[in-house]
Amino acid sequence: MIAAESNSPPAGPPFEPDRRLAEYETLLDIGVKLSGTLELATVLELALENAEEVCRAETSSIWELDEERKELFFRVVRGSAAGAIRDLRVPLGAGIVGSVAASGEAEVVNDVAADPRWQGDASDEFQTRAILAVPLRAQGKIIGVVQLLNPVGRDRFTAGDLWRMRQFAAILAPALQNARLWTAQRRQFFHTVTALAEALEKRDPYTGGHVRRVVAYTVLLGRQMGLSREELRDLRLAATLHDVGKITIPDRILGKPSPLEPDEVEIMRRHAADGASIVSHLANPWVLHGVRSHHERVDGKGYPDGLTDPEIPLAARIIAVADTYDAMTTSRPYRSGLPHERAAAEILGSAGTQFCPRVVTAFRALCDLGRFSLETAEDAVRAISDVNPQP
Ligand SMILES: [Fe+2]
């Protein structure tokens, strides 16, 4: 076992300045890449990609510490052992990885079979010979362990490998911690907004699940139109809040079990502008435009501003199709919901009058592929959801 206590380059073979410079350049390059994102999934992916660049091994993994349960859990793992160990949890202090997390000391164990802490492989498919495990420390606390198994092209991990991995861990840990915190905050914000929107929806007894479905169809259409992951997340937020302005509509109108009278329609229509005023505090143009303009029509006959084709923001165009499709296919006390085919025909027939032709083209493509369904749409939402910062 080699336990490194120092950050100094290892003594031993003749010092090779060119090689050391190349190693520092690699580490600097990794640092730049890691500091360029707060996306947890991207940080983790970059981490393993680069761990293998720093020190070639058959398998690499990152364990995170669940402070509450005093356990380590696998965050990401690459290589042939991936399937068998993905769901493992290890108590703090148990096994080699657990003891590295508990002690905060990096370790190389080149003959695991001879180490009394070794608990065996989780599956017959992979045989661990050697482990290099380095703690991840951020703001003075251990947050996890980065681990390499079995060196490639050599029979043992060296003190040089350990030194490189320690430098790598020092770069990775703060990037991982920042991404975890940022992801946790974004998730919490989105869940709060969703809870608010769903609470408001409960005022209307006939629209159960409308927000969730409109969000899903909106994200599905946006993805079909080629929007980026970040744009889809803004779009998801806009769709979640699209009807938030209905908080200002009196119960007698919102819950009326029959078609609205013209004066009631006028009151109901205020929800778009009222909603925009409510969400203006978020300072997110996708949300603001989606909420204010989701009842605009490309022929200029919509509300609240009577915008025409080029003026209607993209978020609003997409939400308009998702919202209308769901309204048409959902039953109200005074009418039954339409089957998909009838609703789809209505949408297709309204391209260029009510709806943006580009959005309708995306809708048509999804229908032709048999992929305009709630199930597919909810998969699209899951695909843009944040990695859970604490599974
Ligand atoms: Fe609306």
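Residues numbered from 1 in each chain as written. Predicted model: local features only at pLDDT ≥ 70, side-chain atom pairs only at ≥ 80, totals over all residues. Heavy atoms only, no water.

We now examine empty space enclosed by the protein. Using the criterion set out here, one finds two cavities of 30 Å³ or more in the structure. Put simply, the largest cavity is a space of about 180 Å³. Residue lining of the largest cavity: 14 residues in total, with Leu200, Glu201, Val211, Asp243 and Lys246 positioned closest to the centre. Looking at the lining of the largest cavity, the elements that each hand over two or more residues are α5 (159-201) and α6 (210-224). Split into classes, the residues belonging to the lining of the largest cavity amount to seven nonpolar, three polar and four charged. Lining the second largest cavity are Ser293, Glu296, Val298, Ile312, Ala316, Arg317, Ala320, Gln354, Phe355 and Cys356. Take the lining of the second largest cavity: its biggest share by element is three residues, from helix α11 (residues 314-329). Counted by class, the lining of the second largest cavity contains six nonpolar, two polar and two charged residues. (1 Å grid on protein atoms, 1.4 Å probe; cavity = no way out; pocket = protein on both sides within 12 Å on 5 of 7 lines; lining within 4 Å. Points joined across faces, edges and corners; volume = space filled by probe spheres on them. Helix = DSSP H or I, 4+ residues; strand = E, 2+ residues; numbered from the N terminus. Nonpolar A, V, L, I, M, F, W, Y, C, P; charged D, E, K, R; others polar.)

Right, let's talk about the domain arrangement of the chain for a bit. Once the domains are mapped, the chain shows domain 1 (17-181) and domain 2 (202-384). If you average the C-alpha positions of domain 1 and of domain 2, the two centres end up 46 Å apart. (Domains from an automatic or database assignment.)

This next bit is on unusual backbone geometry. Backbone phi values are negative for most residues with the exception of glycine, while trans is the configuration of most peptide bonds. With an omega dihedral of 10°, the bond running from Tyr303 to Pro304 counts as a cis peptide bond. Secondary-structure assignment places Pro304 in the loop between α10 (285-293) and α11. Notably, Ala283 is not glycine yet its phi reads approximately 50°, a positive angle. With respect to the helices and strands, Ala283 occurs in the loop between α9 (262-279) and α10.

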